[in-house]
Amino acid sequence: MIRLGQVTTSLPRPQGPSLDLPTPSRSDEPLIQRIDPKVMAHGVCFQLDKSDPSLDPEQVFALQKQLLHRYYKHAYFPSYSPATSDPHGMRQTTSPELVREVNKMKNIPFILRYPLAEKLSRLQARVPALLLLPGPSLGEVLPHLPELAKRYAVIAVSRTLKACLENGVEPDVVVQLDTFLQQQRFYSDTPRLEQTILVPLSVAAIHTYAAKFRGVLFMDSFNQHFLPNPWRLRENYVSTLMACMGMAECFHAPKALVAGVDLAMTGGKAYQNSQGEGHSQDAPRFLQADNGVLHMADRLGNHTTTQLRYLATAVEAENYARDIGAATNTRFHTLSNSGILDPVLFPHMDMAQALDSPLLDREALLQAMDQAMAEPEDVRLYKLKVECTKSVAALALNDVFLRSCQANKSREGLDTNPVWGFAAKERDFHLPDDHDLRLGFSIRMNQLWSESLASARNHVTARLMAQRGTPVPLVCLPDEMETLPQALADLFHGFAWRIMPMFDVAMDPASRTTESIPAGMLHPTLNDLDLSFVSTKAAEEYAYQFQVYGKDNLVFLRELGVGE
């Protein structure tokens, strides 16, 4: 409970922790920042007398924003999301976020090929940026997007990529912070983007679509024990907007325009899955909560409604604008004068002014991004291979344990099992509270984790072979022998290939080579190899063979979306 001003004694005194601010002002912000998030575990409440003439609405509103931001970021969000940072120990129990563990192992071929975005930041491109987020006001910008794109580096997210393409603009960057598996759906029909780089969190599920981009620059190290570079793009879990602002900082943008960052529901417009109401009444002098809806004044002083997460995002964006401005002298502007972003930190820029900007040298920008991507990180390959091998062995034992529990209808030992713990807390699949169903899910998740680790180990082995100059086996069809190595050259840079075309008895003997594999000899041939890559066409043509192959030394190119 935060009591603001001279609250009348007729109001009840709170029983729990409270803070009295008899003359509330911005000078009290340090007190807000020192509140232990644990005392906010069950919520926060403001108590004030709206008729108190001594209260300065601007000062009070600033404190309300800071408190709600602290509550959301450090207490509420970490308490229910297993994937967010939890420095204050708000979650009762913890378990590994296995979807992220699987993602980062499946991302290994891209992690081994592409560096952190630090390489681009060092180049200090100093190009102006346009950040496209999916709020209602984005529609105001889309008709002008082709002209804006001639003048600004376009930074999109998964939810705005389609809008860019539909308006004839291929963005320069797509930022992927969200690690929800459903995010993959936004890329299912995305064409090859020759002019666009992907800038993802290393644990996002990019392995299914990363090959559609010009290349990748990662926000962070997947594990500093194996990739020791500690640099990290400025971002956090509050919103993808933060990572987009971090990308503007990475460009050392002199100015960055934001579009679609309303963070409020105004005039009946929808924001994501929330619908606003038409507001005719005056804006409240102080922020007020009503059934989870926050009533406040927007940047023009009109009445609007928002939600806790959007208010917290606005405060976080304002903090980022200050910090990035101090670091790179970047100035942020909004192309819409609606919403709740602070008008001082995000002054409005009208479209005529935005378009009165020099043309961007996009070729120079692409060269800078290519230069950055050409310098992969130093990954400790042997250590990573050993860790993957050990983990695969441990998960094999865990599979025996989980299947034993399933067969014997036993719960003993499950409460401390990390895979079972993940099944109880997962956020992607919305499992019902059904013991047998969750146990079956745990068994499959354990298997998926093991397969991703084996795949990562194989990619590390291939990279080690390439460093030694040893040709890497590649199983394909005869008509792929010439074209496939070239298709793989970008992601598997510097690889020499041992081409092993498959054939059956009906094939013309003249088309066979000394490395050709008879279909009937697939199993013994592959079993003797450390690893082998398998083309998508070969995997489909001889599916009856690969479906029952019993060793985990194969890399299926279809899982990476390359060489198809």
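Notes on the structure in this doc start here.

Cut-offs used in this document
- Residues numbered from 1 in each chain as written.
- Predicted model: local features only at pLDDT ≥ 70, side-chain atom pairs only at ≥ 80, totals over all residues.
- Heavy atoms only, no water.
- Pairing = 2+ DSSP bridges.
- Helix = DSSP H or I, 4+ residues; strand = E, 2+ residues; numbered from the N terminus.
- Axes fitted to C-alpha atoms, helices over the stretch in contact; angles between N-to-C directions.
- Contact = heavy atoms within 4.5 Å.
- Salt bridge = Lys/Arg side-chain N within 4 Å of Asp/Glu carboxyl O.
- Buried < 20%, exposed > 50% of the residue type's maximum accessible area, 1.4 Å probe, protein only.
- 1 Å grid on protein atoms, 1.4 Å probe; cavity = no way out; pocket = protein on both sides within 12 Å on 5 of 7 lines; lining within 4 Å.
- Points joined across faces, edges and corners; volume = space filled by probe spheres on them.

### A word on the sheet that holds strand β8 (residues 213-216)
Phase 1: The seven strands lie next to each other as β8-β7-β6-β5-β4-β9-β15, forming an open sheet whose pairing is parallel. Unpaired on one side and paired on the other, β8 and β15 (331-334) mark the two borders of the sheet. Strand-to-strand twist across the sheet, computed as the mean angle between neighbouring axes with direction ignored, equals 25 degrees.
Phase 2: Direction of pairing for strand β9 (residues 255-259) relative to β15: parallel, over a ladder of four bridges. For Lys-255, the partnering residue across the bridge sits in β15 and is Arg-331.
Phase 3: Against the sheet, helix α8 (residues 158-166) touches β4 (129-132), β5 (153-157), β6 (173-176) and β7 (193-200), its axis set at about 125 degrees to β5.

### Notes on the pattern of salt bridges
Phase 1: Tallying each qualifying case throughout the model produces 22 salt bridges.
Phase 2: Residue Arg-3 is joined to Asp-20 by a salt bridge in which the shortest nitrogen-to-oxygen separation is 3.0 Å. With a gap of 17 residues between them, Arg-3 in strand β1 (residues 2-4) and Asp-20 in strand β2 (residues 19-21) connect regions that are remote in the sequence.
Phase 3: With relative accessibility at 6%, the residue Arg-3 sits in the buried group.
Phase 4: The closest approach of N and O atoms between Glu-29 and Arg-26, which form a salt bridge, is 3.7 Å.
Phase 5: Taking the relative accessible area as the measure of exposure, Arg-26 reaches 40% and is therefore partly exposed.
Phase 6: Through salt bridges with shared partners, one network takes in Glu-147, Lys-150 and Arg-151.

### Considering the sheet that holds strand β14 (residues 303-306)
Phase 1: Judged by pairing direction, the sheet is antiparallel, and its three strands sit side by side in the order β12-β13-β14 without closing on themselves. Each edge of the open sheet is held by one strand with a lone partner, namely β12 (288-290) and β14. Each strand of the sheet is rotated relative to its neighbour by a mean of 30 degrees, with strand direction disregarded.

### Details of unusual backbone geometry
Phase 1: A positive phi angle, close to 55 degrees, is found at His-252, a residue other than glycine.
Phase 2: Inspection of the secondary structure puts His-252 in the loop between α9 (240-250) and β9.
Phase 3: Take His-252: its relative accessible area is 13%, and that puts it in the buried class.

### Considering the layout of surface pockets
Taking a probe equal in size to a water molecule and rolling it over the atoms shows the remaining empty space.
Phase 1: Quantified by volume, the second largest pocket comes out at close to 650 Å³.
Phase 2: When contributions to the lining of the second largest pocket are tallied by element, the ones reaching two or more residues are α15 (435-468) and β20 (554-556).
Phase 3: Considering every element that reaches the lining of the second largest pocket, the biggest residue donor is α15, with nine residues.

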